[in-house]
Amino acid sequence: MENIILFSMYPIEIKNLVKKFGNFTAVNNISFYLQPGEIFGLLGPNGAGKTTTISILSTLEKPTSGDIFVFKKNLLKCPKQVKAMVGIVPQELISHGFFTVEEILHFQAGFYGIRDNQGWIDYILDKLELTKFRNRMASTLSGGYKRRLLIAKALVHKPKLLVLDEPTAGVDIDLRQKLWEFIKELNQEGMTIMLTTHYLEEAERLCTRIGIINAGKIVKIDETSKLIEAYTYRSITFVFKKPVEKISSSYKLSQHGEKITMTVPRSVNLTDLMKEIKIDWNLLKDIKIHEGALEDAFKEIIKGDS
Ligand SMILES: Nc1ncnc2c1ncn2[C@@H]1O[C@H](COP(=O)(O)OP(=O)(O)O)[C@@H](O)[C@H]1O
Ligand SMILES: [Mg+2]
């Protein structure tokens, strides 16, 4: 019974989704779900099928087959109800004609039948640092601000689920960090988030779970920390007081003068490793440890899939 309740609460549930463009299969039978309140990263190389999946979610594209449920509602059967619960930030910047930033937000609210939400509009303008541009023609904004406007638009109806397709592509570091902070804040207030990004360091910091998609298929899906643990190595550099004799080990090893670097699976513990190596540990001066990152795990997973 508990499972059924949990199941029905999924912010997104995608079942056997397929999207073909002619003979080409862009999304090849993917299934996954989002948990309430999480930040989920959908990561993959260019052309993997991320944007196609999001375009189907936003009803811009029709799936060839498969089902999508958003908070229990079937997207294909009740698109209007689904749209009211979801905010989508598209990858491509779009033209907004001759309207100001604020007009666009009011029109967008109008689509959802929302009036009198000036307070909320002021809040998101402020959070996205668009207040000073509220009366500017959207077409005259720079790329970074156009992207902020897309985020503001996606938020205008206070969706329960926010989907962002490369929200920080072409955005400078300062703004990127501010955007991620804002996304984190929205999440802490209860919004479920799904995003795609090529900045894996940011995905690592932000996402509780990651799905990796490659050539239209989900190849891995797990908690971020578990992926890193399972697919990365730890690189340990021992620095000695003077050059030491050549040693041998069953692990990958490079030795130069007073430095020995070993690359070991995350499961290997330092004490066991030091016991294995026949060396005078009294000569040890320093140890440097480099942990693998999501980026390393990502590369390893994609490599294993091709
Ligand atoms: N309208 C379309 N017609 C034909 N092929 C498409 C169309 N849209 C996307 N594709 C192809 O589908 C694949 C997946 O694209 P996309 O979903 O944009 O990838 P991603 O967002 O992961 O980089 C790519 O090979 C792309 O060229
Ligand atoms: Mg894309």
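Bear in mind the structure is a predicted one, so any value in this text is a computation, not a measurement. Throughout, residues of each chain are indexed from 1 in the direction in which the sequence is written. In the order they appear in the text, chains get letters beginning with A and ligands get numbers beginning with 1. In keeping with the model being predicted, local features are shown solely for residues with a pLDDT of at least 70 and side-chain atom pairs are shown and tallied solely at 80 or more, while totals for entire chains, interfaces and linings include all residues. Here the side-chain values reflect all heavy atoms present in the structure, with hydrogen atoms and water set aside.

Visitor: Explain the layout of surface pockets residue by residue, including any values.
Guide: Taken as a whole, the largest pocket spans an internal volume of roughly 700 Å³. The way it works is a 1 Å grid over only the protein atoms, where trapped points that fit a 1.4 Å probe form a cavity and open points with protein on both sides within 12 Å along at least five of seven lines form a pocket, and then any residue with an atom within 4 Å of a point lines it. Taken together, 27 residues form the lining of the largest pocket, with Ser 58, Lys 83, Ile 88, Gln 108 and Tyr 112 sitting closest to its centre. Each residue is assigned to one class: nonpolar for Ala, Val, Leu, Ile, Met, Phe, Trp, Tyr, Cys and Pro, charged for Asp, Glu, Lys and Arg, and polar for all the others, Gly among them. Residue composition of the lining of the largest pocket, grouped by class: 14 nonpolar, eight polar and five charged. Grid points are joined across faces, edges and corners, and a volume is the space filled by probe spheres set on the points. Considering only enclosed or pocket space, the second largest pocket measures out at about 170 Å³ in volume. Around the second largest pocket, the lining residues are Tyr 231, Thr 232, Tyr 233, Arg 234, Ser 235, Thr 263, His 290, Glu 291, Gly 292, Asp 296, Glu 300 and Lys 303. Looking at the lining of the second largest pocket, the elements that each hand over two or more residues are β11 (233–240), β14 (284–291) and α11 (294–305). Numbered from the N terminus, helices here are DSSP runs of H or I no shorter than four residues, and strands are runs of E no shorter than two.

Visitor: Outline the coordination of the magnesium ion (ligand 2), listing residues and values.
Guide: As a rule, N, O and S atoms within 2.8 Å of a metal are its donors, except that Na, K and Ca use 3.2 Å; water is not among the atoms, so sites may look incomplete. Taken together, the protein donors to the magnesium ion (ligand 2) comprise Thr 51 (OG1) and Gln 91 (OE1), at separations of 2.0 to 2.1 Å. With Thr 51 in helix α2 (residues 50–57) and Gln 91 in the loop between β6 (86–89) and α4 (101–111), the pair connects residues that are 40 residues apart, well separated along the chain. Throughout this description, buried means an accessible area under 20% of the type-specific maximum (1.4 Å probe, protein chains only), exposed means over 50%, and partly exposed covers the range between. The class for Gln 91 is partly exposed, based on a relative accessible area of 24%.

Visitor: Can you break down the nonpolar core residue by residue, with the values?
Guide: Core analysis: the biggest nonpolar cluster contains 48 residues, and Leu 155, Leu 162, Leu 164, Ile 193, Leu 195 and Ile 210 have the highest contact counts within it. The leading source of residues in this core is helix α6 (residues 143–155), at seven residues. Built from parts of two domains, this core gets at least three residues from each of domain 1 (2–228) and domain 2 (232–305). In what follows, residue pairs with any heavy atoms lying within 4.5 Å of each other are defined as contacts. If sequence neighbours within four positions are ignored, Ile 193 has contacts with Leu 34, Glu 38, Ile 39, Phe 40, Leu 162, Leu 164, Ile 183 and Asn 187. In plain words, nonpolar cores are sets of buried Ala, Val, Leu, Ile, Met, Phe, Trp, Tyr and Cys residues tied together by side-chain atoms within 4.5 Å. Throughout the structure description, domain borders are defined by an automatic or database domain assignment.

Visitor: Could you give an account of the site of ligand 1, with specific residues and numbers?
Guide: Only a single heavy atom is needed: when it lies within 4 Å of a molecule or strand, its residue is near that molecule or strand. Close contacts around ligand 1 come from Phe 21, Phe 24, Ala 26, Pro 45, Asn 46, Gly 47, Ala 48, Gly 49, Lys 50, Thr 51 and Thr 52, and that covers them all. Whenever two N or O atoms come within 3.5 Å, that pair is a polar contact, provided that in protein one can donate a hydrogen and the other can accept it, and provided that, for residues adjacent in sequence, both atoms are side-chain atoms. A distance of 3.1 Å is found between an oxygen atom of ligand 1 and a backbone nitrogen or oxygen belonging to Ala 48. Residue Gly 49 places a main-chain N or O atom 2.9 Å away from an oxygen atom belonging to ligand 1. When isolated, ligand 1 has an accessible area of 560 Å², and the protein chains bury 60% of it. Contributions of two or more residues to the shell around ligand 1 are made by β2 (24–34) and α2. Per-element tally for the shell around ligand 1: the top contributor is α2, with three residues. Here the shell around ligand 1 is built from residues that sort into five nonpolar, five polar and one charged. Per-residue accessibility takes into account occlusion by the displayed protein chains alone, with areas from the Shrake-Rupley method and a 1.4 Å probe.

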